[in-house]
Amino acid sequence: MATLASTFSTLQQSHPPGGAGAARHAVGAGGVPTALEDVLRAMELLAPGDTPRETPVPGSRRARVSRIEVGWGTVCVKRAELTPGTSLDPLHGAGLTAEVRWLRAAQSIAPGCTPAVLGEHPGGAAFAMEYLPPDEFPSWQSQLAAGVVEPWVAAEVGHLVGRLHAATAHSTAVQQQFEGRIAFLAQRLAPVFGDGATAYPDCAWELRRRESDLATARTALAHGDLVPDNILVGPRGPVLVDAECAHFGDPMVDAASLLAAILVRMAAHTQLRAAYSACWDAFQGSYLPHVTWEMHEHAEARVAALVPAFALAAIDADGSAAPVPDRGRAALRAMLLAPPSRLDSLRAAWLDAVSDD
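The model shown is predicted, which means the values in this text are computed figures rather than measured ones.

### What about the overall build of the chain?
Summing up its helical and strand segments, the chain has 13 helices and 10 strands in all. For the chain, the residues scored as buried account for 55% of the 357 residues in total. Within the chain, contacts between residues separated by at least 24 positions form 73% of all contacts whose residues are at least 6 apart in sequence. Carbon and sulfur atoms make up 55% of the accessible area of the chain, which totals about 14,900 Å².

Structure (structure tokens):
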């Protein structure tokens, strides 16, 4: 414990506990709190006689995230939602296992680009990581929602993701660690391509074909759900989180996911359209030079073919937050059927489709 405490103190010494108004409760006898105490003890993060305190943290859409204050510091614990008497859902367990492995792999390539992993539950039901306070590490999504659209963030994310992809491309050792991909298939591919094929029958064949390609690709380590919600912006640059969909596959899924999120915002926020367009250019310009495992033209064409599918899924999932005119949907469907080979062409066609002129 002394070694772990000193290590964590180096990471978190300047991070005080949450404010007095935060909802907290002592971990004690009975119910979920006791289960959490058992998780901490199994990860050897609980000193004898220590009384941890839990504060729920808004975070992953697929797991429960909490800030835990113990005697030697503060940690962030992510765990699968379990009802008393039930076993761990294989899907949730696979997602947490994939995330822990991805966090460690990413840290080994670019130290500081993820929260440091501090412990893992032996059964795969939870893991603990460095706690990053939201006042110091806000999500990129929260900044964009506040109207703070800074292209340098997109550029830094492009450089970071490009480094991660290039370092793991065609690595047999990394591939062996990520043989499973059930979380990515169920939580990312099925909602985007399977549900999309049902919603847009005229595009079903193309969507199914691309879903099959992504399901079988084995090229590099991908985050799997690279969107602004899962990117923190702090003093050490972009920090990537929520990697339950991490897998060894086509890395273009990451580039397409992020560019699709930017694309939708170009239409939904007309006054910030130029800034979002600059973010598109910044990410594209910083990411593509890292592509060394294949021809740039091939990678760019694959991203351009995937962006419309991810953009349609984002619009359908939260249309009220990202209102897009019907002509925008029509343009995305047309680009699904006949995708441009260049990202500049895709962006130009999109801006033309959603223009008020």
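The structure having been displayed, the exposition proceeds.
### A look at the confidence of the model for the chain
With 85% of its residues at a pLDDT of 70 or more, the chain has an overall mean of 86. Between residues 1-32, whose pLDDT stays under 50, and residues either more than four places distant or in other chains, the model counts 60 contacts.

### Thoughts on the packing of aromatic side chains
Counted by the stated rule, this structure contains 2 aromatic pairs. Relative to F310, the ring of F193 lies with its centre 5.7 Å away and its plane at 85 degrees, an arrangement referred to as edge-to-face. Of this pair, F193 sits in helix α7 (residues 182-199) while F310 sits in helix α11 (residues 296-317), placing them 117 residues apart in sequence. We classify F193 as buried; its relative accessible area is 0%. Here F283 and Y287 contribute two aromatic rings whose centre-to-centre distance is 5.6 Å and whose plane-to-plane angle is 5 degrees, an arrangement assigned as stacked. Within this pair, F283 and its partner Y287 are both found in helix α10 (residues 273-287), separated by 4 residues, close to a single helical turn. The same class applies to F283 and to Y287, which are both buried.

### Describing the pairing of strand β9 (residues 237-240)
Alignment of strand β8 (residues 231-234) against β9, held across 4 bridges, turns out to be antiparallel. Directly across from I231, in β9, lies its bridge partner L240. Between β8 and the antiparallel strand that follows it, β9, lie 2 residues.

### Comments concerning the environment of M129
Structurally, M129 can be placed in strand β6 (residues 126-130). On the basis of relative accessibility, which here comes to 8%, the residue M129 falls in the buried class. Separated by 10 residues in sequence, M129 and G119 place their C-alpha atoms 6.9 Å apart. If we ignore the near neighbours within four places in the chain, the residues touching M129 are V75, C76, K78, L103, P115, A116, V117 and L118.

### Some points on the pattern of salt bridges
Scanning the entire structure with this criterion turns up 22 salt bridges. Between R104 and E120 there is a salt bridge, and its shortest N-O distance comes to 3.1 Å. Taken as a pair, R104 in helix α3 (residues 90-109) and E120 in strand β5 (residues 117-120) lie far apart in primary sequence, 16 residues in all. What makes E120 partly exposed here is its relative accessible area of 31%. Across the salt bridge formed by D316 and R329, the nearest N and O atoms sit 2.5 Å from each other. One end of the pair, D316, is in helix α11; the other, R329, is in helix α12 (residues 326-337), with 13 residues separating them in the sequence.

### Brief notes about the pairing of β6
Burial analysis of β6 places 5 of its 5 residues in the buried class, the great majority of the element. Note: β5 against β6, 3 bridges, orientation antiparallel. Paired with E120 across the strands is F127, a residue of β6. Remark: 5 residues form the turn of the hairpin made by β5 and β6, two consecutive strands paired antiparallel; G124 in that turn has positive phi of roughly 80 degrees.

### Focus: unusual backbone geometry
One non-glycine residue, H170, lies in positive phi territory at about 60 degrees. One can find H170 in the loop between α5 (151-168) and α6 (172-177). Its identity as a non-glycine residue notwithstanding, D242 has a phi of 50 degrees, on the positive side. Position of D242 among the secondary structure elements: in the loop between β9 and β10 (247-249).

The rules we used
- Residues numbered from 1 in each chain as written.
- Predicted model: local features only at pLDDT ≥ 70, side-chain atom pairs only at ≥ 80, totals over all residues.
- Heavy atoms only, no water.
- Helix = DSSP H or I, 4+ residues; strand = E, 2+ residues; numbered from the N terminus.
- Buried < 20%, exposed > 50% of the residue type's maximum accessible area, 1.4 Å probe, protein only.
- Contact = heavy atoms within 4.5 Å.
- Areas by Shrake-Rupley, 256 points an atom, 1.4 Å probe, with all protein chains shown as cover.
- pLDDT = per-residue confidence, 0-100.
- Phe/Tyr/Trp six-rings, centres within 6.5 Å; stacked < 30°, edge-to-face > 60°.
- Pairing = 2+ DSSP bridges.
- Salt bridge = Lys/Arg side-chain N within 4 Å of Asp/Glu carboxyl O.

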